[in-house]
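One-letter residues, chain by chain:
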Amino acid sequence: MPVTASSLSQICREIVDQLSIALNSGDDSEVQVILGNPSNAKPDGSSPHQVNVFYYQFLPFEYAADSLPDSVGYMRIHCLITPFGILDEGIGAGEHDLRILAEVVRIFQQSPVFSIEVNGSAFHIQVIMQSLGIEQISQLWGTQGDVVYRPSLAYEISLAPIVPSEMAVLSPLVGSLGLAVQPNLEAEIPTVASVFPQVFSSTVDSSMQAWQPRICWVIARECQQSLIFEVASPALASLDLSVWVAGEVGTTVALHWDVWDSSSGWQSQAAVATVSITEQGIDPQKVALATTNSVILPFIDHPGQAVLYAVRSYNRGADGVPVSVRSNPLLVNLYV
């Protein structure tokens with residue numbers, strides 16, 4: 001047996017635990033949520049109301065053909081949720097089954113998306129109701145021995161992450177593009193002029209709750225999105241780097257670095273600064289009037305890449321769930 005739980009089992013367990021908390025949130029509620037086959041949840045008369053969560057099918061995610069063997073994979077999980085009510089306070093077991101089913105529907109309808117942390121990374125898991133035909137119901141309950149069929153709900157849980165024990169070392173990002181044409185392979189390779197992505201004028205529509213900040217580098221009164229420097233070069237040593245942040249005026253965002261090297265790949269770092277937004281948009285023609293914030297590169301003594309993001313956090317209005325959104329990335333490439 002594995003010493004620690006896998007990411008798949010953690011997701012299945014977390015769904016059961018969160019359902020148990022929601023069902024027992026009332027003062028006089030007592031519902032025991034069980035993970036396993038329906039045959040394991042038959043009440044014996046002395047047990048409380050029970051809800052069985054039966055994970056019966058695991059399917060691969062259809063659109064992951066480009067994933068690496070040691071990168072995070074995703075699966076669709078199908079489960080059957082069955083109540084086992086008892087006679088309680090003059091109310092029959094059958095009516096308690098319906099009450100429990102209705103409460104499960106309400107819980108997942110009200111909050112269908114769960115934020116679950118697996119191995120230090122947060123994933124959003126969505127619970128989607130499914131419809132089962134008579135033939136599927138018969139096949140499922142035909143495997144449960146002498147357990148009599150009970151009204152049940154079918155849900156799909158997607159997408160459940162499969163986190164490997166050793167993650168793939170992801171490649172660096174593209175900082176610029178260039179194109180060269182030559183008559184044959186023997187010809188001398190010409191010098192390719194790189195073209196960096198341009199910064200265009202943009203305004204953040206903060207009327208949408210999920211608006212994302214917009215950022216750009218500001219160097220010598222010019223807006224940039226991608227920078228490249230040679231390690232130990234005079235240009236890097238004298239670099240005066242600032243970032244221009246746009247969004248809803250008066251709100252604050254946190255600046256985060258992601259750094260890359262050839263041995264460990266991409267690693268996220270803690271927030272390095274909190275910035276108060278003073279402008280709604282970015283206009284390269286008005287960069288001289290911009291309010292900027294100085295930033296320091298996370299490293300300058302070795303080759304690698306660093307990406308800066310402005311991260312905005314808020315509570316979603318529909319259900320109060322905390323949500324974080326990132327701005328566009330700003331890239332710095334160091335080479336030798």
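Residues numbered from 1 in each chain as written. Predicted model: local features only at pLDDT ≥ 70, side-chain atom pairs only at ≥ 80, totals over all residues. Heavy atoms only, no water.

Structural notes on the confidence of the model for the protein chain
Counted only if it meets this: Across the chain, each position has a pLDDT score giving the predictor's confidence in that residue, from 0 to 100. Every helix listed is a DSSP run of H or I at least four residues long, and every strand listed is a run of E at least two residues long, numbered separately from the N terminus.
Of the residues in the protein chain, 96% have a pLDDT of 70 or more, and the chain-wide mean is 87. Between the elements of the protein chain, mean pLDDT differs from a low of 81, seen in helix α3 (residues 134-141), to a high of 97, seen in strand β11 (residues 242-246).

Here's the deal with the nonpolar core
How we decide: Put simply, a nonpolar core is a bunch of buried Ala, Val, Leu, Ile, Met, Phe, Trp, Tyr and Cys residues held in one set by side-chain atoms that sit within 4.5 Å of each other. The buried label applies to any residue whose accessible area, calculated with a 1.4 Å probe on protein chains only, is under 20% of its type's maximum; exposed applies above 50%, and partly exposed to all values in between.
One finds Trp-217, Val-243, Trp-244 and Leu-308 to be the most contacted residues of the largest nonpolar core, which totals 35 residues. For this core, the elements supplying multiple residues, two or more each, are β8 (214-219), β10 (226-230), β11, β12 (252-261), β17 (304-315) and β19 (330-335). Cys-12, Val-104, Phe-108 and Tyr-155 belong to the second largest nonpolar core, which has 32 residues in total.

Focus: the sheet that holds strand β9 (residues 222-224)
For the record, the criterion: DSSP bridges decide pairing: two strands pair if at least two such bridges lie between them. Angles here are taken between N-to-C directions and fall from 0 to 180 degrees, while the axes themselves are lines fitted to C-alpha atoms, restricted in helices to the stretch in contact.
Ordered by their spatial adjacency, four strands build an open sheet running β9-β8-β11-β16, and the pairing between neighbours is antiparallel. In this open sheet, the two edge strands, each paired with only one partner strand, are β9 and β16 (292-294). Adjacent strand axes in the sheet meet at a mean angle of 40°, parallel and antiparallel pairs treated alike. In this sheet, β9 lies alongside β8 in antiparallel orientation, the contact comprising three bridges.

Considerations on the pattern of salt bridges
To keep it simple, the criterion reads: Just to be clear on terms, a salt bridge is a Lys or Arg side-chain nitrogen sitting within 4 Å of an Asp or Glu carboxyl oxygen.
Inspection of every chain in the model, using the stated rule, returns seven salt bridges. We note a salt bridge from Arg-13 to Asp-17, for which the minimum N-O separation is 3.1 Å. One end of the pair, Arg-13, and the other, Asp-17, are both in helix α1 (residues 7-23), four residues apart, so they sit about a helical turn from each other. Here Glu-62 ties to Arg-76 by a salt bridge, and the two come within 3.1 Å at their closest N and O atoms. Note that Glu-62 is positioned in the loop between β2 (49-60) and β3 (73-84) and Arg-76 in strand β3, a separation of 14 residues in sequence. Note on Arg-76: relative accessible area 17%, which makes it buried. When salt bridges that share partners are traced, they join Glu-62, Arg-76 and Glu-156 into one network.

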